[in-house]
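What follows is each chain in one-letter form.
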Amino acid sequence: MKKKLYRITFLNDRKEIMTIHASNVNTSSFLGLIEVSDIVFLDTSEILFTPNDDKVKNEFKDVERTFIPINYIVRIDEIILEKETPVIRLYKNDS
């Protein structure tokens, strides 16, 4: 099964490089911001776990959508997942 995701690499407010994955990336109605919604976390390995993964999960826990300033974005990649990689969402979608 193929799934399309976006990998967004950006600087956070402490000027650290962070990477998140999301299903939707759009320009925002707020000038100079990129809207990132449906943030997901890829459970790539149960053995390998990095502290950065934990930092990202804690920072974006319960976040349904975030707005990132354009000048903080390093790059945005569209990726295709071809294998069965579990996707974890950390917010409740009450729709």
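In what follows, the structure referred to is the one given above.
Report follows, based on the coordinates. This structure is a prediction, so every number in the text was calculated from the model and none was measured.

1. So, unusual backbone geometry
Most of the time, phi is negative for any residue but glycine, and the peptide bond is trans.
Then, number 1: Positive phi is not limited to glycine here, since Lys-15 has a value of about 60 degrees.
Then, number 2: Within the element layout of this structure, Lys-15 appears in the loop between β1 (3–11) and β2 (17–27).
Then, number 3: Overall, Lys-15 belongs to the exposed group, its relative accessible area being 52%.
Then, number 4: At Asp-62, a residue that is not glycine, the phi angle is positive and equals roughly 65 degrees.
Then, number 5: Checked against the element boundaries, Asp-62 lands in the loop between α1 (51–59) and β4 (65–69).

2. Here we look at the pattern of salt bridges
Then, number 1: Counting across every chain of the model gives eight salt bridges.
Then, number 2: The partner of Asp-77 in a salt bridge is Arg-7, and the shortest N-O contact between them spans 3.4 Å. Within this pair, whereas Asp-77 is found in strand β5 (residues 73–81), its partner Arg-7 is found in strand β1, the two being separated by 70 residues in sequence.
Then, number 3: When the shortest N-O distance is used, the salt bridge between Arg-14 and Glu-16 registers 3.6 Å.
Then, number 4: When salt bridges that share partners are traced, they join Asp-13, Arg-14, Glu-16, Lys-55 and Glu-59 into one network.

3. Topic: the pairing of strand β3 (residues 33–42)
Then, number 1: The buried count for β3 comes to eight of 10 residues, which makes it a mostly enclosed element.
Then, number 2: Across six bridges, the pairing between β2 and β3 is antiparallel. Directly across from His-21, in β3, lies its bridge partner Val-40.
Then, number 3: Taken together, β2 and the strand that follows it, β3, pair antiparallel across an intervening segment of five residues, in which Gly-32 is found at a positive phi of about 85 degrees.
Then, number 4: Sheet topology note: the β3/β4 ladder contains five bridges and is antiparallel. Within β4, the position partnered with Ser-37 by the bridge is Arg-65.

Criteria and cut-off values
- Residues numbered from 1 in each chain as written.
- Predicted model: local features only at pLDDT ≥ 70, side-chain atom pairs only at ≥ 80, totals over all residues.
- Heavy atoms only, no water.
- Helix = DSSP H or I, 4+ residues; strand = E, 2+ residues; numbered from the N terminus.
- Buried < 20%, exposed > 50% of the residue type's maximum accessible area, 1.4 Å probe, protein only.
- Salt bridge = Lys/Arg side-chain N within 4 Å of Asp/Glu carboxyl O.
- Pairing = 2+ DSSP bridges.

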